[in-house]
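Architecture and fold: a report
If you want the building blocks of each chain, they are given just below.
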Amino acid sequence: MEDMVTEILVRLPVKSLLRFKPACRAWQAIIDDPVFIRAHLRRSASRWEQSHSFIINPHSMVRVPWDRWPVPSNRYRFHQWQLQRGTTTTSPRNNNVATFLHAKDLSDDQQFYTTEFTHRDGLVFSTTTTSLHVFNPATRDAITLPTSSRSNLMGGGRFNYHCSGLGLDQRTGMYKVVQAFFRFQSMEPAETKMGMEVFTIGGGGGGAGWREITSDPPYPAKRFQIGVSVCGYMFWRFSERHTKLERGILHLSLEEEEFGITGLPDELDTDNSFLLDELLGRDLCVSASNTSCTMLNIWTLPVADESLCTLWQWRYCIEYPWSLCSVMALPPFSDEIILLRGNNICRYDLATSKLKILCRLDRTRYQGEGARKSELFSVMPFIESLVRITY
């Protein structure tokens, strides 16, 4: 009987499961079981392959006394946009509603957040000008990580930069937040040294939860970036002053907490800009435009299947007469190529070589908090989950 109940519950969305938990102690025990949480996450990932879902954070711009230009406000607003079946052949106006998930106001802390964030297994990680935050928009849980005494990647004025990221340690099943700090800074690139530290979510310890990683990166990472997390590894780009020293990207094994260098595709011209993305947490993806910005080349590294003991696979060269874009989905995780270009989620049809806009973010209706003018949007593929976040 319990197996039958579990099989029914694992098919339900998070919102329904949260409503059912207080109704029955037996159901609550099932839903809170880590084995059930992972099973529900796997089913959510499987559903995403059939019907793509994206999390959108619309950024309202505000003016502050110390800056000449408007900056993104410190209110997080998470909305979910679902790619409906048939949208690929119809107007985006037929699919222009995003469902409200969660909002969090940080105004009491006098912080202003960046327009970048990352998603892993239903958890959203973002940085403000002073701190790091982790959210589960589906369960509406959120934590602000304690400030580390080592954090010293200073930006302009009184604010910090953050070179950080969120990923899963597959051996322990724990999620880790990693951030960088300078051990020594110098105008000479070879003399600058960077270290990193880790905070284990749910690992306890409060303010003492930050733990220094014993080894150091071979070269400093770019100091303002959020790492890309794929199958127990986290990847960052090297700082501009060190890209000429090493033709690759920095990686960290979250299990061993050891650093290394992952080479880039041989065909990639590193003198041109390129982007790093992850595909459903399984493959690392690199995309780059050619010199004339008429074609977009896409490579993938199948980390889930081969770990890092494999070569980059050149997947596509598509006609794309614009600047760089983020790759959000590729076959086999999708039957199409989904790209994010500016304020548009687009589909590239491999059969016709045509690019079609699926969602205009600046024309989408965002439910839950009334009409708000937004000028910037952060978008990521989204898989809802019951993963808990605690100190």
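Scroll up to find the structure this text is about.
Residues numbered from 1 in each chain as written. Predicted model: local features only at pLDDT ≥ 70, side-chain atom pairs only at ≥ 80, totals over all residues. Heavy atoms only, no water.

1. Re the side chain of N57
Rules: Under the scheme used here, helices are H or I runs from DSSP no shorter than 4 residues and strands are E runs no shorter than 2 residues, and both carry numbers assigned from the N terminus. A 3.5 Å cut-off defines polar contacts: any pair of N or O atoms within that distance qualifies, except that in protein one atom must be a possible hydrogen donor and the other a possible acceptor, and neighbouring residues in sequence count only when both atoms are side-chain atoms.
Tracing the sequence through the fold places N57 in strand β1 (residues 53-59). Of the polar contacts made by the side chain of N57, one reaches the backbone nitrogen of R77; its length is 3.2 Å.

2. Examining the layout of surface pockets
In plain terms, the rule: Buriedness for pockets is judged along seven lines, at least five of which must meet protein on both sides within 12 Å for an open set on the 1 Å grid over protein atoms alone, while cavities are sets there where a 1.4 Å probe fits but cannot get out, and lining residues have an atom within 4 Å of a point. Grid points are joined across faces, edges and corners, and a volume is the space filled by probe spheres set on the points. When residues are sorted by character, Ala, Val, Leu, Ile, Met, Phe, Trp, Tyr, Cys and Pro go into the nonpolar class, Asp, Glu, Lys and Arg into the charged class, and all the rest, Gly among them, into the polar class.
Considered as a void within the structure, the second largest pocket measures approximately 870 Å³ in volume. Lining the second largest pocket are 32 residues, with R38, L41, D121, L168 and Y175 positioned closest to its centre. Where the lining of the second largest pocket is concerned, the elements lending two or more residues are α4 (34-50), β6 (113-120), β10 (163-169) and β11 (174-184). Residues belonging to the lining of the second largest pocket are distributed by class as follows: 14 nonpolar, nine polar and nine charged.

3. Some points on the packing of helix α1 (residues 2-9) against helix α3 (residues 25-32)
The packing of two helices is summarised by the inter-axis angle and the distance between the axes. The cut-off we apply is this: Axis definition: a line fitted to C-alpha atoms, limited for helices to the stretch in contact. Angles are taken between N-to-C directions and run from 0 to 180 degrees. Crossing handedness is defined as follows: a turn of the near helix away from the far one that is anticlockwise and smaller than a right angle gives a left-handed crossing, while the clockwise case is right-handed. Contacts are assigned to residue pairs that have any heavy atoms within 4.5 Å of one another.
With their axes 11 Å apart at the nearest point, α1 and α3 run at an angle of 60° to one another. The element α1 and its partner α3 pack so that their crossing is right-handed. On α3, the residues touching E2, V5, T6 and L9 of α1 are W27, I30 and I31.

4. Here's the deal with the packing of aromatic side chains
The geometry of an aromatic ring pair comes down to the distance between the two centres and the angle between the two planes. Note the threshold: Note on aromatic pairs: the rings of Phe, Tyr and Trp (six-membered ring only in Trp) are paired at centre separations within 6.5 Å, and the planes decide the class, stacked below 30 degrees, edge-to-face beyond 60, tilted for the rest. Under the scheme applied here, a residue whose accessible area is under 20% of the maximum for its type counts as buried, over 50% as exposed, and between as partly exposed, the area being computed with a 1.4 Å probe on protein chains only. Ring-over charges, as used throughout, are those where CZ of Arg or NZ of Lys falls within 6 Å of the ring centre and within 35 degrees of the ring normal.
The final tally for this structure, using the stated rule, is eleven aromatic pairs. On the numbers, 5.6 Å between centres and 90° between planes, the contact of Y219 with F238 is edge-to-face. Remark: F238 occurs in the loop between β16 (233-236) and β17 (248-253) and Y219 occurs in the loop between β13 (210-212) and β14 (225-226); sequence separation between them is 19 residues. Note on F238: relative accessible area 3%, which makes it buried. A ring pair is formed by Y366 and F377, whose centres lie 6.0 Å apart and whose planes are at 20°; its orientation type is stacked. On the criterion of sequence distance, the pair formed by Y366 in strand β27 (residues 365-366) and F377 in strand β28 (residues 376-381) is long-range, its members being eleven residues apart. Given a relative accessible area of 13%, F377 falls into the buried group. Ring pairs connect the aromatic residues Y76, F78, F117 and F135, which therefore count as one cluster. One Lys or Arg, R237, reaches over the ring of F274 and ends 3.8 Å from the middle of that ring.

5. Brief notes about the sheet that holds strand β26 (residues 354-360)
This is how the line gets drawn: Here, strands pair whenever DSSP counts at least two bridges between them.
Reading across from one edge, β23-β24-β25-β26 is the order of the four strands in this open sheet, with antiparallel pairing throughout. The sheet terminates laterally at β23 (326-329) and β26, the two strands that pair on one side only. Each adjacent strand pair in this sheet contributes to an overall mean axis angle of 35°, direction not counted.

6. Observations regarding the pattern of salt bridges
Rules: Salt bridge criterion: a side-chain nitrogen from Lys or Arg within 4 Å of a carboxyl oxygen from Asp or Glu.
Evaluation of the coordinates by the stated rule reveals 17 salt bridges. The partner of E7 in a salt bridge is R11, and the shortest N-O contact between them spans 2.9 Å. For R11, a relative accessible area of 47% puts it in the partly exposed group. Between E7 and R43 there is a salt bridge; the shortest N-O distance is 3.7 Å. Taken together, the residues span a long stretch of sequence, with E7 in helix α1 and R43 in helix α4 at a distance of 36 residues. Overall, the relative accessible area of 36% leaves E7 in the partly exposed class. Overlapping salt bridges, with partners in common, bring together R150, R183, E197, E212 and D216 in one network.

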